[in-house]
Amino acid sequence: MREKEDFRIEKLGFPFETENPFLFCAHHKDQYPKGERDLGPAVSLSGRNLGDDFVIKNGFRMYHGQRVPGFPKHPHRGFETVTIPLQGYVDHADSLGAAGRYCNGDVQWMTAGSGCQHAEMFPLVHQDRENPLELFQIWLNLPAKDKFAKPHYRMLWAEDIPEAGVTDRNGRKSTIRIIAGVWDGKTSPAPTPASWANDPENHVRILLIKMDPGAELTVPAVTPTISRNLYFISGDKMTIAGREIRPYTRASPAGDRDVLIRAGDLPCLLLVLEGEPINEPIAKYGPFVMNTAEEIKDAYRDYRQTAFGGWPWDVPDPVHDIGENRFARYVDGHTEERRSFHGSG
């Protein structure tokens, strides 16, 4: 067995702690009940602090939603959001007029760039059964040269995201979903054009790793300068470079060493975020991430004056038709449609 390596281990909170070039990571897990025809929960919402409901009650939160759970229109500038529902549905709408619905392992990659508003609602599409949701949202920074890139949104459909399978010497399996970057010669779909992840020299990887009980897997060395964070999401226990950790823990091993990980007695799920840091000042406040405090002031001024293009929807929390259809409608009018998909991230 390799010697234990020195690295940070800490319990996860809400949101997760991240490292440059990543700014933020939230893990949402809600046991939503059956839905109504308006796609909201078919139960009473009395006693909740609607509009700011982040306390789990009866298994779920409404977040900023008043009727449908989720996040009604809100602005961003200067970074990217990567949204990954492992289970459940997300309805997207933005100030540019784009819209979509995605679910069950799909990934939405959105560059806010110079500024846009968007809404992310969690429609409860099933009226005959519960609507569980599990979702990661990751914020990835942009360098100064791309802070004012044209906003852009792209769907990475679940069936198009490559997976790599690894079987260890004892026949136990691990499956790696490659949302960003490369693993064992397999490359993720392309992110948005201005993304820090678009340059392979930035070594950005977003991986979801599922491991059989007792499976072993080596995360290969990259460079001494990358930030590397392994988020142990579910299972009973896991050993990382000789150190045993429990679920809902972050481990940050060195990026220039191979890291041996071993699952415990139950199947394990890991989220891996890796990337070269953007070596620039960071100024962030609320929904804006820039390089200086003055640029943050400018962002608020621009938003007050322009609303980043306004809001072409009748309501701040638009949801799409009842049903399970998946689609993406882009600014140029092009629409992608996909059949219902019941896979998982």
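Going by the structure above, here's the rest.
Everything quoted here is computed from the prediction, not taken from an experiment. (Residues numbered from 1 in each chain as written. Predicted model: local features only at pLDDT ≥ 70, side-chain atom pairs only at ≥ 80, totals over all residues. Heavy atoms only, no water.)

Some details on the overall build of the protein chain
- Secondary structure summary: the protein chain contains 1 helix and 26 strands in total.
- Each of the three principal axes of the protein chain carries a C-alpha extent, and together these read 60 × 50 × 40 Å.
- When the 345 residues of the protein chain are sorted by exposure, 55% land in the buried category.
- Put simply, the protein chain shows about 14800 Å² of open surface, and 49% of that area lies on carbon and sulfur atoms. (Helix = DSSP H or I, 4+ residues; strand = E, 2+ residues; numbered from the N terminus. Buried < 20%, exposed > 50% of the residue type's maximum accessible area, 1.4 Å probe, protein only. Areas by Shrake-Rupley, 256 points an atom, 1.4 Å probe, with all protein chains shown as cover.)

Describing the pairing of strand S22 (residues 268–275)
- Within S22, 8 of the 8 residues are buried, which leaves it mostly tucked inside the rest of the structure.
- Burial along S22 is two-sided: Cys268, Leu270, Val272 and Glu274 and Leu269, Leu271, Leu273 and Gly275, pointing in opposite directions, are all buried.
- Sheet topology places strand S15 (residues 205–211) next to S22; 7 bridges connect them, and they run antiparallel. Residue pairing for S22: Leu207 is matched across the bridge by Val272.
- Looking at chain direction, strand S17 (residues 227–234) and S22 are connected through 7 bridges and run antiparallel. Across the sheet, Ser227 pairs through a bridge with Gly275, a residue of S22. (Pairing = 2+ DSSP bridges.)

Quick look at the environment of Arg338
- By the element assignment, Arg338 lies in strand S26 (residues 335–338).
- With a relative accessible area of 27%, Arg338 lands in the partly exposed category.
- Distance from Arg338 to Tyr102, taken between C-alpha atoms, is 9.2 Å for residues 236 residues apart in sequence.
- One polar contact links Arg338 to Glu159, side chain to side chain, over a distance of 3.3 Å. (Polar contact = N/O pair within 3.5 Å; in protein donor to acceptor, adjacent residues only side chain to side chain.)

What to know about the sheet that holds strand S4 (residues 79–87)
- Pairing is antiparallel in the open sheet, where 5 strands are placed in the order S2-S9-S4-S7-S10. Two strands bound the open sheet, and with one partner strand each, they are strand S2 (22–32) and strand S10 (152–156). The sheet shows a mean angle of 15° between the axes of neighbouring strands, direction not considered.
- As judged from the 4 bridges shared by S4 and strand S7 (residues 107–111), these two strands associate in the antiparallel manner. The partner of Thr81 across the bridge, within S7, is Met110. (Axes fitted to C-alpha atoms, helices over the stretch in contact; angles between N-to-C directions.)

Notes on the layout of surface pockets
- In this structure, the largest pocket encloses a volume near 370 Å³.
- Contributing to the lining of the largest pocket are 19 residues, with Phe24, Phe71, His74, Gln137 and Trp139 lying nearest its centre.
- Mapped onto the lining of the largest pocket, the elements with two or more residues apiece are S2, strand S3 (70–76) and strand S9 (131–141).
- Partitioned by chemical class, the residues of the lining of the largest pocket number 11 nonpolar, 7 polar and 1 charged.
- If you go around the second largest pocket, you meet 18 residues; those closest to its centre are Gly181, Val182, Ala197, Pro200 and Val204.
- Among the residues making up the lining of the second largest pocket, the classes are represented as 10 nonpolar, 5 polar and 3 charged. (1 Å grid on protein atoms, 1.4 Å probe; cavity = no way out; pocket = protein on both sides within 12 Å on 5 of 7 lines; lining within 4 Å. Points joined across faces, edges and corners; volume = space filled by probe spheres on them. Nonpolar A, V, L, I, M, F, W, Y, C, P; charged D, E, K, R; others polar.)

Some words on the nonpolar core
- Core analysis: the largest hydrophobic core is formed by 27 residues, its most contacted members being Ile84, Phe136, Ile206 and Leu271.
- When residues of this core are traced back to their parent elements, those giving at least two are S2, S4, S7, S9, strand S12 (173–180), S15, S17 and S22.
- Of all hydrophobic cores here, the second largest spans 24 residues; its members include Ile178, Ile209, Ala215 and Val272. (Core = buried A, V, L, I, M, F, W, Y, C linked by side-chain atoms within 4.5 Å.)

Points about unusual backbone geometry
- Cis geometry is adopted by the peptide bond preceding Pro15, which originates at Phe14 and carries an omega value of 0°.
- Within the secondary structure layout, Pro15 lies in the loop between strand S1 (8–11) and S2.
- Following Asn20, the chain continues to Pro21 via a peptide bond in cis, the omega torsion being 20°.
- Mapped onto the secondary structure, Pro21 falls in the loop between S1 and S2.
- A positive phi angle, near 55°, is found at Asn58, a position not held by glycine.
- Note on Asn58: relative accessible area 65%, which makes it exposed.

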